[in-house]
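# Structural overview for review
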Amino acid sequence: MGGIDDFDLSAAGLRADGADLASAVEVLAAKLEDALGRHTDVKRKRKLLGKPGPVSEISVRIGECRYSLCPTSSGANASRLREVGGIAIKREALSIDDWLAGLTRDLEAEAERSAEARASLERLLD
């Protein structure tokens, strides 16, 4: 699929910091929510009067892995948690590049196994 490269490029802003990072995280959160629906959980900080604020965490569950990305003032914390039978067996801190590569790889593998996942991946790459 040529679209995987497009996804990597669209997420390149995650490697930035400050306002660029915040914007990239917002765009990525929207794309993942739209494409993966129930597999994605986006948490937001609350502003005054209960209005939703900026993204505080993106969590994506693909197969036995849960990918989490939490923007910080100095960049972002990225991790992957592996679970077997609902039991966490390994948590890894990842660089942004490794987080994006792992998420992309697991999405591709899931798409090969499932028509629903394939359709989600196609929506993500559009």
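Basis of the calculations
Residues numbered from 1 in each chain as written. Predicted model: local features only at pLDDT ≥ 70, side-chain atom pairs only at ≥ 80, totals over all residues. Heavy atoms only, no water. Helix = DSSP H or I, 4+ residues; strand = E, 2+ residues; numbered from the N terminus. Contact = heavy atoms within 4.5 Å. Polar contact = N/O pair within 3.5 Å; in protein donor to acceptor, adjacent residues only side chain to side chain. Pairing = 2+ DSSP bridges. Axes fitted to C-alpha atoms, helices over the stretch in contact; angles between N-to-C directions. Buried < 20%, exposed > 50% of the residue type's maximum accessible area, 1.4 Å probe, protein only. Salt bridge = Lys/Arg side-chain N within 4 Å of Asp/Glu carboxyl O.

Inspection of the secondary structure assignment puts Tyr67 in strand β3 (residues 65-72). Through-space distance from the C-alpha of Tyr67 to that of Leu103 is 7.0 Å; in sequence the pair is 36 residues apart. If we ignore the near neighbours within four places in the chain, the residues touching Tyr67 are Ile58, Ser59, Val60, Ser79, Arg80, Leu94, Trp99, Gly102, Leu103 and Asp106. Within the structure, Tyr67 has its side chain in polar contact with the side chain of Asp106 (distance 2.6 Å).

This next bit is on the sheet that holds strand β1 (residues 40-46). Backbone-to-backbone hydrogen bonds join strands into a sheet, with any given pair of strands oriented parallel or antiparallel. Ordered in space as β1-β2-β3-β4-β5, the five strands form an open sheet in which the pairing is antiparallel. In this open sheet, the two strands that pair with only one neighbour each are β1 and β5 (87-94). Averaged over all pairs of adjacent strands, the angle between strand axes in this sheet comes to 20 degrees, irrespective of strand direction. Where strand β4 (residues 75-84) lies against β5, seven bridges are found, and the strand directions are antiparallel. Each bridged residue has a counterpart across the sheet, and for Glu83 the counterpart in β5 is Ala88. The strands touched by helix α3 (residues 96-113) are β2 (52-62), β3, β4 and β5; relative to β3, the strand with the most contacts, the crossing angle is about 150 degrees.

What follows concerns the side chain of Thr40. With respect to the secondary-structure elements, Thr40 resides in strand β1. In this structure Thr40 comes out as buried when scored by relative accessible area, which is 11%. One polar contact links the side chain of Thr40 to the main-chain carbonyl oxygen of Leu32, over a distance of 3.3 Å. Excluding its chain neighbours within four sequence positions, the residues that come into contact with Thr40 are Leu32, Glu33, Ile58, Ser59 and Val60.

Before going further, it helps to spend a moment on the pattern of salt bridges. This model, assessed by the stated rule, comprises seven salt bridges. For Lys43, the salt bridge identified is with Glu57, shortest N-O distance 3.7 Å. With a gap of 14 residues between them, Lys43 in strand β1 and Glu57 in strand β2 connect regions that are remote in the sequence. By relative accessible area, Lys43 is classed as partly exposed at 41%. Put simply, Glu92 and Arg82 hold a salt bridge, and the shortest N to O gap is 3.8 Å. In this pair, Glu92 sits in strand β5 while Arg82 sits in strand β4, placing the two residues ten residues apart along the sequence.

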